[in-house]
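Structural overview
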Amino acid sequence: MARTYSKPNIESTKPKPYYDTRTRQLFESREAYEEYQRQKNIEAFEKIYGKVKAVDNVSFNVNKGEIFGFLGPNGAGKTTTIKSILDLININSGQIKINNLEISKQGKEAKKKIGYLPEKVAFYDNLTALQNLYFYAEIRNASKEECKKLIDDLGLSEAINKKVGKFSKGMIQRLGMARAILGNPSVIILDEPSGGLDPRGVVLIRDKIREMKDKGSTIFVSSHILSEIQEICDRVGIIDRGKLVAKDSVSTLSTKLDLKPKISIELEAINDSIIKSIKGVKGVDKLDIKDKTLEVACEPKTKSKVIVAIEKAGGNIVNLKTKEPSLEEVFMRYTGGGK
Amino acid sequence: MILNPSLIIAKKEIMDNIRNKWIIILSIIFALLTVVVSYFGSIYTEGWQDLGTTIAGMMSLVQFLVPIIALVLGYGAIISEIERGSMSALLSQPTSRLEIILGKFIGLGAIISITILVGFGFGGIIIALNVSNTNYVDYLIFILSTILIGLVFLSLAIFFSTLFKKRSTAMGGAIFLWFFFNMILPIIFAGILFMSISFSELLDGTIPEWYQYLTLINPLSVYSNLNSIALNLNFGQAVSISYPSMFSGELMAGILFLWIIVLIFLSIWRFNNKDV
């Protein structure tokens, strides 16, 4: 007996996009929006100074255990956002939750699990490194042994009994990092963690950030050093003129912006026929020439066609490298060059 | 042992001030002041005066010195930490703004109390060793009332520290307060009194009750009244002042306590609404 099949209704299974008018965000579906609502910990909030909206409807979620990079040009609202998250400043609207605790109402409870490294790190100059750290340890109910261990871990053991007033900027930054991770907080907020550090200090802090992530901490990092952010962060958020203009992984943002990877091809010699041949390959977006090196922006699948084209034109390839789109390119595109 | 964050902050304030030698310097100043006033303070007799006479001689000096010390200690309590950047780190800890204000008040208040107690106490012991008939209770009341006026001005300074956006403005405000309560307000009061009563009434020592109530606005007048009533001092004045029947040492102490409570409450309210 012949069976009859009805044509599947594709339209009905495809989720409809959902637009949140309040935050002006587009979601794949209503379900995606609702899931976001359940998980997010920073709901559209605003901070207004006089007539200026320093932070305008910023809304995002930092997933448990991830390193989230927070970027933006100077004066974009990064520090204001961080200060709002910590309830250092009163926001004009919205709410901020950390570990499901609303910071403006349950701040004391929420802060038991938060570590913070401010952009401008300061301590009490008349007290020693250990006395300073132990002061915060007492408030957090952490031990003196932990303070000593952290001071040692951050390479300050020789200065443990030295007054902080005599510390260099780099030493203060390291001690600030020790304070931020004191008591194993589950959420760590770092505002320019590499500020004032020498290269060794930068590596030390970066290793500490990774170590804390491995221990299960959620880390929120604001930095101007984009290479550092790209190296350590799972996702990034970009703020510009008080508005959150992007949030996702660097690769996803690159795809969204249609940024192509670049192939860097070093040749024995470059001639016009090679250049003409590459330009003739379909899918090549951009071609830059630096001495004997060609930089070709194209889809990964076009890479082999470019190589064939070079060889057909008589070019001899000496070296070949593929470069993924950098965070710098993503940042520049989203912020209009940071201007 | 788990301490309340206020006590931890207070302990840190005391440590910080021990380290910068404030406590030692102030104690020495108070002790020297007591001894010098006792030995050279009287124009009628030479040498050591008893504690009662010393207190009367010290009253005006205390009214100048203790407020300025309290204001200097307290004007930067909040604003200095905000300007330096340490306040944002402190506020990111599991502690409330109320606890920070209370911690600062307890810590700095302890420094003022210890310096007055040690300085005046040490000076008092030297005097007691050199004179007979020492009234220790009166001297203790004087010390406690001096601590109280110190705490009033400390609360004022902490309030100013939460009020302004810059440390320099808070310092200017503290200096103005000192002038206001020590100079400007007494001159205004005196002006009102001269306009209200005749010269002969003034010579008789007839001061209207309403005027005496008006002076209660100034905590320094309250402090003066407190010692005058509780210790029965007349500060060497030709005519003794008769106070309204309602006035008592307890009432004066209560007014000073009220100043502290109101100012600390205002400081907490202001700090809660302040962006750091």
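Within each chain, residue numbers correspond to sequence positions counted from 1 in written order. For naming, the first written chain is A and the first written ligand is 1, with later ones following in the order written. Local features in this predicted model are restricted to residues whose pLDDT is 70 or higher, and side-chain atom pairs enter the listing and the counts only when it is 80 or higher, whereas totals over whole chains, interfaces and linings include all residues. Computation of side-chain values: all heavy atoms of the structure, hydrogens and water removed.

**Re the overall build of chain A**
Rule in force here: Numbering goes from the N terminus for both helices and strands, where a helix is a DSSP run of H or I of at least four residues and a strand is a run of E of at least two. Three labels apply to residues, based on accessible area from a 1.4 Å probe with only protein chains included: buried if under 20% of the type maximum, exposed if over 50%, partly exposed otherwise in between. Residues count as neighbours in contact if any of their non-hydrogen atoms are within 4.5 Å of one another. For the accessible areas, the method is Shrake-Rupley and the probe is 1.4 Å, while residue cover comes only from the protein chains on display.
Looking only at helices and strands, one finds 13 helices and 16 strands in chain A. Looking at chain A residue by residue over its 339 residues, the buried ones come to 49%. Relative to all contacts within chain A whose residues are 6 or more apart in sequence, the contacts with residues 24 or more apart total 65%. Per element, the accessible surface of chain A, about 17600 Å² overall, is 48% carbon and sulfur.

**A word on the interface of chain B and chain A**
Filter applied, for reference: We count a salt bridge whenever a side-chain nitrogen from Lys or Arg sits within 4 Å of a carboxyl oxygen from Asp or Glu. Pairing of N or O atoms within 3.5 Å defines a polar contact, subject to two protein rules: one partner must be a possible hydrogen donor and the other a possible acceptor, and residues neighboring in sequence count only if both atoms are side-chain atoms.
Listed as interface residues are 32 residues of chain B and, on the opposing side, 31 residues of chain A. Its salt-bridge partner being Glu138(A), residue Lys11(B) comes within 3.0 Å of it at the nearest N-O pair. There are 13 residue pairs in polar contact (both at pLDDT 80 or more) connecting chain B and chain A. Elements with a contribution of two residues or more to the side of chain B that touches chain A: helix 1 (5-19), helix 4 (79-84), helix 5 (86-91) and helix 6 (97-130) of chain B.

**What to know about helix 1 of chain B**
We count it as follows: A helix is expected to reach a length of 1.5 Å times the quantity of its residues less one.
The end-to-end C-alpha separation of helix 1 of chain B is 21 Å, in line with the 21 Å expected for 15 residues at 1.5 Å each. Buried within helix 1 of chain B we find Pro5(B), Ser6(B), Ile8(B), Ile9(B), Ala10(B), Lys12(B), Glu13(B), Asp16(B) and Asn17(B). Among the structural elements, helix 4 (107-110) and helix 5 (129-140) of chain A together with helix 2 (22-40), helix 3 (51-74), helix 4 and helix 6 of chain B are those in contact with the buried residues of helix 1 of chain B. The opening residue of helix 1 of chain B is Asn4(B), an N-cap whose side-chain oxygen sits 2.7 Å from the backbone nitrogen of Ser6(B). Positive phi shows up at Lys21(B), right after helix 1 of chain B, with a value of about 65°.

**Some thoughts on the environment of Arg270(B)**
Residue and element names in this part refer to chain B. Assignment of secondary structure puts Arg 270 in helix 12 (residues 249-272). Each C-alpha atom of the pair Arg 270 and Pro 186 lies 29 Å from the other, and the pair is 84 residues apart in sequence. Apart from residues no more than four positions distant in its own chain, Arg 270 is found in contact with Phe 159, Thr 162 and Leu 163.

**Observations concerning the packing of aromatic side chains**
To be explicit about the condition: Note on aromatic contacts: the rings of Phe and Tyr and the six-membered ring of Trp form a pair at centre separations within 6.5 Å, being stacked when their planes are under 30 degrees apart, edge-to-face when over 60 apart, and tilted otherwise.
Summed over all chains, the structure comprises 23 aromatic pairs over all chains. Relative to Phe68(A), the ring of Phe60(A) lies with its centre 5.4 Å away and its plane at 5°, an arrangement referred to as stacked. Here Phe60(A) matches Phe68(A) in class, with each residue buried. Each ring, one from Phe120(B) and one from Phe142(B), has its centre 5.5 Å from the other, and the planes form 25°; the classification is stacked. Here Phe142(B) lies in helix 7 (residues 136-163) and Phe120(B) lies in helix 6, a separation of 22 residues in the sequence.

**What to know about the pairing of strand 13 (residues 262-267) of chain A**
Residue and element names in this part refer to chain A. Keep this limit in mind: At least two DSSP bridges between two strands are required for those strands to pair.
For strand 13 and strand 15 (residues 293-298), the ladder comprises 5 bridges, and the chain directions are antiparallel. Note that in strand 15 the partner of Glu 266 across the bridge is Thr 293. Alignment of strand 13 against strand 16 (residues 317-323), held across 6 bridges, turns out to be antiparallel. Bridged to Lys 262 within strand 16 is Lys 323.

**Description of the nonpolar core**
Test applied: The nonpolar core is taken to be a set of buried Ala, Val, Leu, Ile, Met, Phe, Trp, Tyr and Cys residues, with the residues joined through side-chain atoms within 4.5 Å.
One finds Phe120(B) and Phe142(B) to be the most contacted residues of the largest nonpolar core, which totals 156 residues. Looking at this core, the element that brings in the most residues is helix 7 of chain B, giving 15 residues. If we skip the residues at most four places from it in the chain, Phe142(B) touches Ile55(B), Met58(B), Met59(B), Val62(B), Phe120(B), Tyr223(B), Asn227(B) and Leu231(B). Core analysis: the second largest hydrophobic core is formed by 15 residues, Val281(A), Val296(A), Cys298(A) and Ile310(A) among them.

**Describing the packing of helix 7 (residues 169-181) of chain A against helix 8 (residues 199-214) of chain A**
Residues and elements named next belong to chain A. As a reminder of what qualifies: Whenever a helix is involved, its axis is fitted only over the stretch in contact; in every case the axis is a line through C-alpha atoms, and angles between N-to-C directions fall within 0 to 180 degrees. The scheme is simple: roughly parallel for angles under 35 degrees, roughly antiparallel for over 145, roughly perpendicular for 65 to 115, oblique for anything else. Note on residue classes: Ala, Val, Leu, Ile, Met, Phe, Trp, Tyr, Cys and Pro are nonpolar, Asp, Glu, Lys and Arg are charged, and everything else, Gly too, is polar.
Contact geometry for helix 7 and helix 8: axes closest at 11 Å, N-to-C directions at 5°. Here helix 7 is positioned roughly parallel relative to helix 8, judged by the angle of their axes. Between helix 7 and helix 8, the contacting residues are Arg 174, Met 177 and Ile 181 on the first element and Gly 201, Leu 204, Ile 205, Lys 208, Ile 209 and Met 212 on the second. Residues belonging to the contact of helix 7 with helix 8 are distributed by class as follows: 6 nonpolar, 1 polar and 2 charged.

**A few points about the sheet that holds strand 13 of chain A**
All names here are of chain A. Taken together, 4 strands build an open sheet; the order of strands is 14-15-13-16 and the sheet is antiparallel. Every interior strand has two partners, whereas the edge strands, strand 14 (284-290) and strand 16, have only one. Along the sheet, successive strands turn relative to each other by an average axial angle of 20°, direction set aside. In the packing of helix 11 (residues 272-279) onto the sheet, contacts are made with strand 13, strand 14 and strand 15, and the angle to strand 14 comes to roughly 160°.

**Re the pattern of salt bridges**
All names here are of chain A. The full count for this structure, using the stated rule, is 24 salt bridges over all chains. Measuring nitrogen to oxygen at the nearest pair gives 2.8 Å for the salt bridge that ties Lys 243 to Asp 56. A residue pair is termed long-range when its members are at least 10 positions apart, and Lys 243 in strand 12 (residues 243-248) and Asp 56 in strand 4 (residues 52-60) qualify at 187 residues. By relative accessible area, Lys 243 is classed as partly exposed at 35%.

**Observations regarding unusual backbone geometry**
Leaving glycine out, the prevailing phi sign among residues is negative, and the prevailing peptide bond configuration is trans. Residues and elements named next belong to chain A. Its identity as a non-glycine residue notwithstanding, Asn 141 has a phi of 65°, on the positive side. Topologically, Asn 141 is positioned in the loop between helix 5 and helix 6 (144-153). In the Ramachandran plot, Asp 291 falls in the positive-phi region, its phi being about 50° despite a non-glycine side chain. Judged by relative accessible area, which is 77%, Asp 291 ranks as exposed.

**Brief notes about the sheet that holds strand 10 (residues 218-222) of chain A**
All names here are of chain A. Taking strand neighbours across the sheet as the criterion, the 6 strands line up as 8-9-10-5-11-12 in an open arrangement whose pairing is mixed. The open sheet is flanked by strand 8 (114-117) and strand 12, the only strands paired with a single partner. Strand-to-strand twist in this sheet, taken as the mean axis angle between neighbours without regard to direction, amounts to 15°. Of the pairings in the sheet, the one linking strand 5 (residues 67-71) to strand 11 (residues 235-240) comprises 4 bridges and is parallel in character.

**Regarding helix 12 (residues 303-312) of chain A**
Residues and elements named next belong to chain A. Note the cut-off: What the arc describes is the spread of directions from the helix axis to the C-beta atoms.
Buried within helix 12 we find Val 306, Ala 309 and Ile 310. All buried residues of helix 12 project into a common sector of 100° when viewed along the axis, lining one side. What points out from helix 12, more than 90 degrees from its buried face, is the exposed set Glu 311 and Lys 312. In the core, the buried residues of helix 12 are packed alongside strand 13, helix 11, strand 14, strand 15 and strand 16. Positive phi appears at Gly 314, one or two residues downstream of helix 12, with a value of about 90°.

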